[in-house]
Amino acid sequence: MTERLPPLPHAAYAWHYETAPRWADSDIYGHVNNVTYLSYFDTAMNIALVEHGALDLSANASAPIGLVVQNGAQFFREITFPSSLSVGVRIEAIGRTSLTWGFGLFDLGAGACAARGRIVHVYVDRASRRPAPLTAELRHCAEALFRDPANDTEETS
């Protein structure tokens with residue numbers, strides 16, 4: 001994430017996951033620690049994969065796994081404890097062996113986007129760790145969550 005991204009509205013994301021900061025998420029300055037935002041994004045991404053049938057967590061799973069090859073966040077507003085949060089999730093790019101995930105973290109009390117994030121997953125064979133094509137389930141999930149960043153409009157609040 002080298003370019004400065006604007007905050008986006010809630011509607012820019014295809015799927016949403018509600019969460020709340022834990023007391024331990026706060027740092028010495030009284031706000032949620034920056035690295036915790038990435039944890040919110042990672043949790044929402046994996047729950048979205050499970051809910052869309054694209055992540056099998058069973059011991060005998062054989063489908064490719066997603067390895068994070070890039071992640072990052074840009075911050076717009078502080079989040080403090082306690083708050084009610086929503087993580088907006090979308091797919092921004094679909095490759096042959098990769099997905100680019102986009103996230104927006106919203107403070108529901110303030111109604112504003114507090115941060116945007118991105119994770120790039122490369123899917124690999126579980127045993128060889130070599131890139132593997134997206135499965136039909138991953139492609140279906142990606143298409144359901146896809147929102148073209150070219151259509152983004154900046155948040156007004």
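The coordinates are above.
Treat the numbers as computed from the prediction; the structure is a model and nothing was measured.

Enquirer: Please set out the nonpolar core residue by residue, giving values where relevant.
Expert: Core analysis: the biggest nonpolar cluster contains 28 residues, and V89, W101 and L105 have the highest contact counts within it. Among the elements of the structure, α1 (34–51), β3 (85–94), β4 (98–107), β5 (112–124) and α2 (136–145) are those that each provide at least two residues to this core. The dominant element in this core, judged by the number of residues it contributes, is α1, at 7 residues. Beyond its immediate chain neighbours, meaning those up to four positions away, V89 contacts Y13, A14, W15, A44, A48, W101, G102, F103 and L145. L8, A12, Y13 and F106 belong to the second-largest nonpolar core, a separate cluster that totals 5 residues.

Enquirer: Tell me about the pairing of β5, and please be specific about residues and values.
Expert: Along β5, 13 of the 13 residues are buried, which leaves the element largely enclosed by surrounding structure. Judged from the 10 bridges that link them, strand β2 (residues 65–75) and β5 form a sheet pairing that is antiparallel. Bridging across to β5, F75 finds its partner in A115. Here 10 bridges tie β4 to β5, and the two strands are oriented antiparallel to one another. Along β5, the bridge assignment pairs G102 with R118. In sequence, β4 turns back onto β5 through a hairpin of 4 residues, with G111 there showing a positive phi of about 70 degrees.

Each value, and the rule that gives it
- Throughout, residues of each chain are indexed from 1 in the direction in which the sequence is written.
- In view of the model being predicted, local features appear only for residues whose pLDDT reaches at least 70, and side-chain atom pairs are presented and counted only at 80 or more, with totals across whole chains, interfaces and linings using the full set of residues.
- Calculated side-chain values reflect all of the structure's heavy atoms, with hydrogen atoms and water omitted.
- By nonpolar core we mean a set of buried residues, namely Ala, Val, Leu, Ile, Met, Phe, Trp, Tyr and Cys, connected to one another through side-chain atoms within 4.5 Å.
- Burial classification: accessible surface area is computed with a 1.4 Å probe over protein chains only, and a residue below 20% of its type maximum counts as buried, one above 50% as exposed, and the rest as partly exposed.
- The helix and strand labels rest on DSSP assignments: H or I over at least four residues marks a helix, E over at least two residues marks a strand, and numbering proceeds from the N terminus.
- Contact between two residues is taken to exist if any of their heavy atoms lie within 4.5 Å; hydrogens are not considered.
- Between any two strands, at least two bridges found by DSSP are needed for them to pair.

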